Every structure is written in structure tokens, then in C-alpha cells.
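# Per-entry structural report
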Amino acid sequence: MEKRKLSFWDIWNLSFGFLGIQMGFALQNANASRILQIFGADVHELSWFWVVAPLTGLIVQPIIGHYSDKTWTKLGRRRPYFLVGALFAAAGLILMPNAGMFTQFMPALWVGAGMLMIMDASFNVAMEPFRALVADLLPSDQRTLGFSVQTVLIGIGAVIGSWLPYVLANWFGVANETVSGEVPLNLLLSFIIGAVVLVASILVTVFTTKEYSPEEMALFNSVVEKEEVEEESSLLDIFSDFKKMPLTMKQLSSVQFFSWFGLFGMWVFSTPAIAHHIYGLGLDDHGTAYQNAGDWVGILFGVYNAVSAVYAFFLPAIAKKIGRKMTYAVGLVGGGLGLISIYFMPNENWLIISMFGIGIAWASILAMPYAILAGSIPAKKMGVYMGIFNFFIVLPQILNAVIGGPMIKYFYGGNPIYALVVSGVSLLIAAALVVKVKDVDDTVTVEI
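Attention here is on the structure that accompanies the text. Per chain, residue numbering runs from 1 following the sequence as it is written. Totals for whole chains, interfaces and linings use all residues, but because this is a predicted model, local features are given only for residues with pLDDT of at least 70 and pairs of side-chain atoms are given and counted only at 80 or more. In computing side-chain values, all of the structure's heavy atoms are included and hydrogens and water are not.

### Concerning the overall build of the protein
- Scanning the protein from N- to C-terminus turns up 18 helices and 0 strands.
- The buried share of the protein, taken over its 448 residues, is 62%.
- In the protein, of all internal contacts separated by at least 6 residues, the share reaching a separation of at least 24 is 84%.
- In the structure as shown, the protein presents an accessible area of about 17000 Å², 68% of it carried by carbon and sulfur atoms. Each helix is a run of DSSP H or I of at least 4 residues and each strand a run of E of at least 2, with the numbering of both proceeding from the N terminus. Accessibility here uses a 1.4 Å probe with only protein chains present; expressed as a share of the type maximum, an area under 20% marks a residue as buried, one over 50% as exposed, and anything in between as partly exposed. Any two residues whose heavy atoms approach within 4.5 Å are treated as being in contact. Per-residue and other accessible areas follow the Shrake-Rupley method at a 1.4 Å probe size, with only the shown protein chains counted as cover for residues.

### Some remarks on the environment of K325
- Among the structural elements, K325 can be located in helix α14 (residues 324–341).
- Given a relative accessible area of 13%, K325 falls into the buried group.
- Taking the C-alpha atoms as reference, K325 lies 9.4 Å from K436; in sequence the two are 111 residues apart.

### Notes on helix α1 (residues 8–15)
- I11, W12, L14 and S15 are the residues of α1 that are buried.
- In the core, the buried residues of α1 are packed alongside α2 (17–38), α6 (108–137), α7 (143–170) and α8 (185–208).

### What about the packing of helix α5 (residues 79–95) against α8?
- Helix axes use the C-alpha atoms of the stretch in contact, all axes being lines fitted to C-alpha atoms, and the angles between their N-to-C directions lie in the range 0 to 180 degrees. Remark: α5 packs on α8, axes separated minimally by 8 Å, with the N-to-C direction vectors making an angle of 170°. By the angle between their axes, α5 is roughly antiparallel relative to α8. In this structure, α5 uses R79, F82, L83, A86, L87, A89, A90, L93 and I94 to contact α8, whose residues at the interface are F191, G194, A195, L198, V199, I202, L203, T205 and V206.
- Polar here means any residue outside two lists: the nonpolar Ala, Val, Leu, Ile, Met, Phe, Trp, Tyr, Cys and Pro, and the charged Asp, Glu, Lys and Arg; Gly therefore counts as polar. Class assignment for the residues of the contact of α5 with α8 results in 15 nonpolar, 2 polar and 1 charged. Small angles under 35 degrees read as roughly parallel and large ones over 145 as roughly antiparallel, with 65 to 115 read as roughly perpendicular and the rest as oblique.

### What to know about the nonpolar core
- Side-chain atoms within 4.5 Å link the members of a nonpolar core, which is a set of buried Ala, Val, Leu, Ile, Met, Phe, Trp, Tyr and Cys residues. One finds L36, F123, L198, I202, W267, Y328 and L332 to be the most contacted residues of the largest nonpolar core, which totals 129 residues.
- No other element matches α6, which puts 16 residues into this core.
- For L36, the residues in contact, after removing those within four places along its chain, are A41, L46, F49, W50, M96, L109, G112, A113 and L116.

### A short note on the side chain of S162
- When you line up the elements, S162 lands in helix α7.
- In terms of polar contacts, S162 uses its side chain to reach the backbone carbonyl oxygen of A158, at 2.8 Å.
- Contacts of S162, omitting those with residues within four sequence positions, involve A26, G298, I299, F301, G302 and N305. For the purposes of these results, a polar contact is taken to be a pair of N or O atoms within 3.5 Å, where, inside protein, one atom must be able to donate a hydrogen and its partner to accept one; residues adjacent in sequence count only when each atom of the pair is a side-chain atom.

Written as C-alpha cells, this is what we have:
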């Protein structure tokens, strides 16, 4: 028995929740540092406030993956998890910019940091079961298409989320001034809209996608007896699964490490780096000029996500022509050069060019490692291994969170632009490491 091929629109619907997830994720990535600075965080402290989020993901992801492999409800196997994750993420989106309401209990900065933790952890809870869902439902020859469609939807959602504060301020006249440590109105409304879209898009996937039953999954893999034993396994098996991870997964782990070290540095430090290096603003200047710079960073993030969404349409054709490894490496090189080029750009408009390379990298990072990985993972362990794979996303973020701020303070002379340059170098290292990866079910044998 083989998995049935799905139509394009079936694949679109099963991935549609990613649009809302990434809209919220984009609002967080482009604006969380700015909000924390409004609440009183110094630039060299920003990464420390971000550290709790990936640390939570490190613990939560494999647990979610383990139980989602074994959960069978009326909603299916994966859908209960990304639905609950979306609801918590929506709550975080609404509460983070409104952290000032809780100052009678604790400082707004700490409330904001706590909401950042809830948001990021919830986004991760929602995302990894989504990736496992694609691997569950699609046959091998449709996986690259499936993950590419996810990347398209991620790009669309991220463009909307990244551009929303700028659009509200400049097209609809919503105020973007900040006074007395208060978040501008355009940011408040953007986060509320993001929460609504997040929940609505998740519900589209929940109500339009049907998962395979346990019996069907067993037939696909011809492991009925093994499945029965597996149901009696415990959460502690995560540790043995980690030791037994497939060779391809081990090889991809180093690529993921350097990729996400670079991405984290970009998300945390882009606003202060561009405001300081391109706009010439002081690191302690959080006035209207800084808010304008922050809104423009949102536009730039929207550009790289738009490029990602378009480029993702071509990923299956490119991978078919030159192989998944080469496609992955080319994307990472584009992102590395794009980040490094920010240092040399004469003004904010030229930064749009830098975003094209970053967008190509983002599309590749979101699609190619999962397309390569899915063919090497036992189907009955898809969820837990997708969760374990998340280790190599959150560990580099934790490392960057711990050392990123002190490096700006003590090694970069207080100039955060160098954090973006180091992020670019990190992506180039990741591209070089792709050569070691064994893609077990790629039909193209082009060598890097």
C-alpha cells in the first residue's frame, strides 16, 4: 500500500496554517527587540532576553514530537498539537506589546520577555508537527513540493507580518510614536491582527485536512508488530532515539547549527544595527527616527520573505536539475553574501538588494533540509525525530543569545553591525558543510 498523491490545493490546505504561524513569527522577529528596548533593554542585553525562547524549544520540541507520534484523536495525530500551539502563540502576540499593563506586578521588560518566551515556544510547538504532517501525508516524490509550498505560505505570511506596522503607519495614518516606554499604536494593532490571522489559518488546515489512521500508517510501512511495541515505549526513549539518529540527520545537524546561528543574529540585531550603521542613530535613541528605522527593517524583512516565497516555487525544479544538496548550498551562499553586504550599503534603500540573497537562503533553509531529512527517518519516528532535529535549530540560537550581546560590547566596540557580518560568515560555513551530507533518496547525483 502506498500513500496517495495529493493535488496542489490539497497540499496548499494542509500547509495553510503556516501562513498565520509565520505572520506571527515575522512580527516577533522584526519587532521584539524594538519592543524590549522600549521597555528598557540595552542593545548588548537583547540576546539574553531571547535566550529563554530557544531554551524552551530545546525541551518542548522532542516531547511534542514523541507524543504526536502516538496521539490519535478525532482531530488526528498532528493537528491537536499545532492547534494548541497556535492558541498560546496568539495569546503571546496580544500580551507582549501590552506588557505595560502588568507593571503593578513586575517590570514591563520582564513581562515582555516572558511573552516572547511563550510566543517562540508556541510557534515551535505548532511548526514541527506541521513539518511531520507533510512527511506523514506525502509520498517521497512529492516531499520537495510539499515543503516548498510550506515555504511559499511562510513567505506570504511573513511579508504580511513584516510590512503590517509600516503599512498601518504610512498608509492608514496609525501613530508610530512612542512616549514614556509605551509601544506605538501601529505595533499594538499589528500584533492583534497577527493573532487573529494565526488562529484563523490554523483552523483552515484543521478542517480541510484528513490524516491517515494508525492502521493505514502501519500498512504503508509494513511494521504492524513493531508499531504495537512502539506504543508501549516511554518518553525516555527520546534519549535512545537521539543516539540512534540517522547518518543524514547527523550530517545535517552541523549545517543547521551554522545556519540558525546566523539567522538568530540577524533577527536580534538587525534593527539596532541598521539604525546605528545606516541611519546614524545612537544606540540609546529610541525616538521617532528609531521607530521609522524599525518600521523600515520590517519592510526589509518583508522583502526577503517575499523573495523566499517566489523562490520557493522554483525549488522543486532547481532541485530536480542540480540536486537537493547543491540547491541548498547555493541558497546558503546567497544569504551569507547578502548579510555581509549590509555593511557596505550606502543607505537604507540599497539594503533591499541585500534582502534578495537572504530571501534565497531563507527559502532553502525552510525547505531543503527537511526534504533531505524526511527520506532518512523511519516513518513511525517522524514526529520525535523532527523534534530532535529542532535541537540543532535552538542550540545555536542559545549560543548566540549567550555570547552575542557581550561580543558586541567587548569585541565589536558597541557596533551591532558586526553581528550581522558574523551571521553572514556563519551561513557561508553552513554552505561548505552541505558537501558532507548524504541525501539517501535524491535521484540527482550531482556532486558539490
